[in-house]
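# Structural overview for review
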Amino acid sequence: MSTVLVTGASGFLALHIVGQLLQKGYKVVGSVRSVSKAEELGFEFSQKLGHKADNLVFSIVEDIAVSDAFDKTFKLHPDISYVLHTASPFTLGQTDFEKSYYDPALKGTFGVLNSIKRYGPKVSKVVVTSSLASLMNFDKLTDPTFIHNETVWNPLTKDKVQDSVAAYILSKKLAEEAAWNFVRDNDVNFSVTTITPAYILGPQYFDKNAGAKKLNQSNQLITNILDWNPNQPFVNNTRTGLCVDVRDVAALHIIPLEKPGVEGHRLFPASGLFTDQDILNIINENFPQLRLPTGEPDDTENPFGYSNEKTVELVGGYNFIPLKKQVVDTVQQILDARAAK
Ligand code: NDP
């Protein structure tokens, strides 16, 4: 079976990708930042997957922003055939935008492609995790006639960035552009596919991670609602949300490795629109014992325009996990993990 490098293997999404690859029998090299993280994950995967985890090894890459960071990985593992580049900083609130967002996203993407070019002779397919961020248009979020799809690009530029949310968003666009430019400008033997997921919800790969004080950035949207102060009126903050389940995003990273004709495209995983009130309604319906506020249950209008028909057609049809299951599975896992503490 082929060997796949998954960068940022300790991340929320990447753990699902690694798990799905191992279940399918692939050999996996996961890049993580420290030996202790490698040891911890090696143990957890073997607890969960038994002998299938024997196909998992780790490579230590402390900082993807350092040039040549991945050279060593390819020199040590010349059998790598596919690369899934998921590593990128997704922690909002940092103030040094260059160091915290642009450098790791951009240099990390350029760096891994450059290392493949020099030291990855067997690599034939590369999948880069981009984001809805790289196709969304801030001026069109509430214009339902503007369709965000696989062909559009975020017009955001550095001079317009004022906060860490915008800096993260721009970092994803710059990194995706860098990937497409790299294959256009270099004589390489591999294809690039980019994945532009909507907001990723869904359970943690390892149940115990759901008990953490702070979950991964995107699932904090659910914990913020779950932990709403019952004495405060509910505020429907997110009104133009588009989401997708982490299990589907992981699966869509693997399809380009297996289905001819998918590589070289931009895939847009998205299951549907949501507002914070939609999430609150689902929690209230399924977990009434939590006694959360009701908010305004009918206040769920979301004008965001999108289409991912091209993606669904390219992959030969796909049924995305609906919002209700994303929320119920996530909340149940969090409650169980908290109860087990
Ligand atoms: P996580 O923060 O859970 O995972 C990010 C991973 O990247 C972690 O393993 C992290 O390592 C690693 N990483 C970050 N910076 C560096 C660095 N400088 N050097 C080495 N490793 C680094 O985020 P997600 O799983 O949510 O995101 C995974 C990918 O999906 C990212 O590319 C993100 O932009 C993209 N994405 C996520 C969405 C979402 O809603 N979650 C939506 C659309 C796209 P460590 O934890 O050790 O720092």
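The coordinates are above.
Read on for a plain summary of the structure. Remember, predicted model here, so these are calculated numbers, not experimental data.

So, how was this worked out
Residues numbered from 1 in each chain as written. Predicted model: local features only at pLDDT ≥ 70, side-chain atom pairs only at ≥ 80, totals over all residues. Heavy atoms only, no water. Buried < 20%, exposed > 50% of the residue type's maximum accessible area, 1.4 Å probe, protein only. Helix = DSSP H or I, 4+ residues; strand = E, 2+ residues; numbered from the N terminus. Pairing = 2+ DSSP bridges. Right-handed = clockwise from strand over helix to strand, strands pointing away. Contact = heavy atoms within 4.5 Å. 1 Å grid on protein atoms, 1.4 Å probe; cavity = no way out; pocket = protein on both sides within 12 Å on 5 of 7 lines; lining within 4 Å. Points joined across faces, edges and corners; volume = space filled by probe spheres on them. Nonpolar A, V, L, I, M, F, W, Y, C, P; charged D, E, K, R; others polar. Near = heavy atom within 4 Å. Polar contact = N/O pair within 3.5 Å; in protein donor to acceptor, adjacent residues only side chain to side chain. Areas by Shrake-Rupley, 256 points an atom, 1.4 Å probe, with all protein chains shown as cover. Phe/Tyr/Trp six-rings, centres within 6.5 Å; stacked < 30°, edge-to-face > 60°. Lys NZ or Arg CZ within 6 Å of the ring centre and 35° of its normal. Core = buried A, V, L, I, M, F, W, Y, C linked by side-chain atoms within 4.5 Å. Axes fitted to C-alpha atoms, helices over the stretch in contact; angles between N-to-C directions. Salt bridge = Lys/Arg side-chain N within 4 Å of Asp/Glu carboxyl O.

### A short note on the pairing of strand β2 (residues 27-32)
Extensive coverage of β2 is indicated by the burial of five of its six residues. Note: strand β1 (residues 3-7) against β2, four bridges, orientation parallel. Residue pairing in the sheet places T3 in a bridge with K27 of β2. Handedness of the β-α-β unit built from β1, helix α1 (residues 12-23) and β2 comes out right-handed. As judged from the five bridges shared by β2 and strand β3 (residues 56-60), these two strands associate in the parallel manner.

### Notes on the environment of L13
Here L13 shows up in helix α1. As a C-alpha pair, L13 and A87 span 74 residues in sequence and 9.7 Å in three-dimensional space. Excluding residues that lie within four positions of it along the chain, L13 makes contacts with T129, I200, V246, V249, A250 and H253.

### What about empty space enclosed by the protein?
The probe, sized like a water molecule, is rolled over the atoms to show the empty space still left. If you walk through the whole model with that rule in mind, you get one cavity of 30 Å³ or more. Its boundaries defined by the atoms lining it, the largest cavity holds a volume of some 40 Å³. Around the largest cavity, the lining residues are H85, A87, S88, A105, T109, V128, T129, K172 and A175. Residue assignment for the lining of the largest cavity shows that the elements contributing at least two residues are α4 (97-119), β5 (125-129) and α5 (164-185). When grouped by side-chain class, the residues that make up the lining of the largest cavity number four nonpolar, four polar and one charged.

### Digging into the site of the ligand
Every one of the 25 residues lining the ligand counts as a neighbour, but R33, T86, Y168, K172 and I200 are closest to it. Here an oxygen atom of the ligand sits 2.9 Å away from a polar atom, N or O, in the side chain of S10. At 3.0 Å from a nitrogen atom of the ligand is found a main-chain nitrogen or oxygen belonging to I64. Compared with its free state, where it exposes 880 Å², the ligand has 85% of that area covered by protein. Those elements giving two or more residues to the shell around the ligand turn out to be α1, α5 and β7 (199-201). In the shell around the ligand, the residues fall into twelve nonpolar, nine polar and four charged.

### Section: the environment of P260
Topologically, P260 is positioned in the loop between α7 (246-258) and β9 (266-267). The spatial distance from the C-alpha of P260 to the C-alpha of Y168 is 32 Å, given a sequence separation of 92 residues.

### Quick word on the packing of aromatic side chains
Following the criterion strictly, the structure yields eleven aromatic pairs and no others. Summarising the aromatic geometry, the rings of Y205 and F206 are spaced 4.9 Å apart at their centres and angled 80 degrees between planes, so their arrangement reads as edge-to-face. Taken together, the ring pairs in this structure connect F45, Y205 and F206 into an aromatic cluster. Over the aromatic face of Y205 sits the side chain of K48, whose NZ or CZ is 4.0 Å from the ring centroid. The lysine or arginine in question, R266, covers the ring of W153, its NZ or CZ lying 3.9 Å from the ring centre.

### As for the nonpolar core
Counting 62 residues, the largest nonpolar core has V6, L21 and F45 as the members making the most contacts within it. Considering every element that reaches this core, the biggest residue donor is α1, with eight residues. Setting aside residues no more than four positions away along its own chain, F45 makes contact with L15, V18, G19, L22, G50, A53, L56, Y205 and F206. In terms of nonpolar packing, the next biggest core, distinct from the first, is built from 22 residues, L201, L221, I282 and L292 among them.

### Details of the sheet that holds β3
Whether parallel or antiparallel, the strands of a sheet pair through hydrogen bonds between backbone atoms. Spatial strand order, β3-β2-β1-β4-β5-β6-β9: seven strands in an open sheet with parallel pairing. On the outer flanks of this sheet lie β3 and β9, each paired with one strand and no other. Together, β1, β4 (80-85), β5, β6 (191-195) and β9 form the strand contacts of α7, whose direction differs from that of β5 by roughly 160 degrees.

### Side note on the pattern of salt bridges
Per the counting criterion, the structure on display carries 15 salt bridges. In this structure, D245 and R247 form a salt bridge, with 2.8 Å as the shortest nitrogen-oxygen distance. Classification of D245 as buried rests on a relative accessible area of 0%. The exposure class assigned to R247 is partly exposed, which follows from its relative accessible area of 21%. Several salt bridges share partner residues, and in doing so they unite D245, R247, K325 and D329 into one network.

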